[in-house]
Amino acid sequence: MAKQTWFDPNDYSKEDFASKLIVLFQCGGIVRPDQLTKVAFLLALNDFCHDMPNVQRAKLKAAYKHSPSIGRAPLAIRF
């Protein structure tokens with residue numbers, strides 16, 4: 001989904017999207033690929049569009065900048 005034209009192309013969006021997918025899988029109990037794909041698509045559309053509000057973008061940037069794991073070490077999941 002991160003390669004779609006509507007997805008925000010910045011690293012902070014890709015990294016946060018990947019971390020939310022991991023949480024959905026590990027803690028959300030969503031393990032069926034078809035369900036995970038649908039939920040991930042809706043999550044991406046809602047939270048990671050390139051035309052997201054400035055407040056939302058600022059929050060993503062701040063989390064990316066201040067996180068010890070995000071932004072400093074590559075995740076195993078690459079888009």
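Residues numbered from 1 in each chain as written. Predicted model: local features only at pLDDT ≥ 70, side-chain atom pairs only at ≥ 80, totals over all residues. Heavy atoms only, no water.

On average, residues of the protein chain score 80 in pLDDT, and 85% of them reach the 70 mark or higher. Between the elements of the protein chain, mean pLDDT differs from a low of 83, seen in helix H3 (residues 54-66), to a high of 88, seen in helix H2 (residues 33-47). With pLDDT under 50 throughout, residues 70-79 is counted as low confidence; its partners more than four residues away or in other chains account for 18 contacts. (pLDDT = per-residue confidence, 0-100. Helix = DSSP H or I, 4+ residues; strand = E, 2+ residues; numbered from the N terminus. Contact = heavy atoms within 4.5 Å.)

On the surface, a cluster of nonpolar side chains totalling about 340 Å² of accessible area is made up of Met 1, Phe 41, Leu 42 and Leu 45. If you trace the backbone, Met 1 turns up in the segment before helix H1 (11-26). On the basis of relative accessible area, Met 1 is assigned to the partly exposed category, the value being 30%. (Patch = residues over 30% accessible without salt bridge, like charges linked within 9 Å, V, L, I, M, F, W, Y side chains within 5 Å. Areas by Shrake-Rupley, 256 points an atom, 1.4 Å probe, with all protein chains shown as cover. Salt bridge = Lys/Arg side-chain N within 4 Å of Asp/Glu carboxyl O. Buried < 20%, exposed > 50% of the residue type's maximum accessible area, 1.4 Å probe, protein only.)

Moving on: the pattern of salt bridges. Under the definition given, this model contains four salt bridges. A salt bridge links Arg 57 to Asp 8; its shortest N-O distance comes to 2.9 Å. One end of the pair, Arg 57, is in helix H3; the other, Asp 8, is in the segment before H1, and 49 residues separate them in sequence. One salt bridge connects Asp 34 with Arg 32, and the closest N-O pair in it is separated by 2.8 Å. Judged by relative accessible area, Arg 32 falls into the partly exposed class, the value being 45%. Salt bridges sharing common partners tie together Asp 16, Lys 20 and Asp 47.

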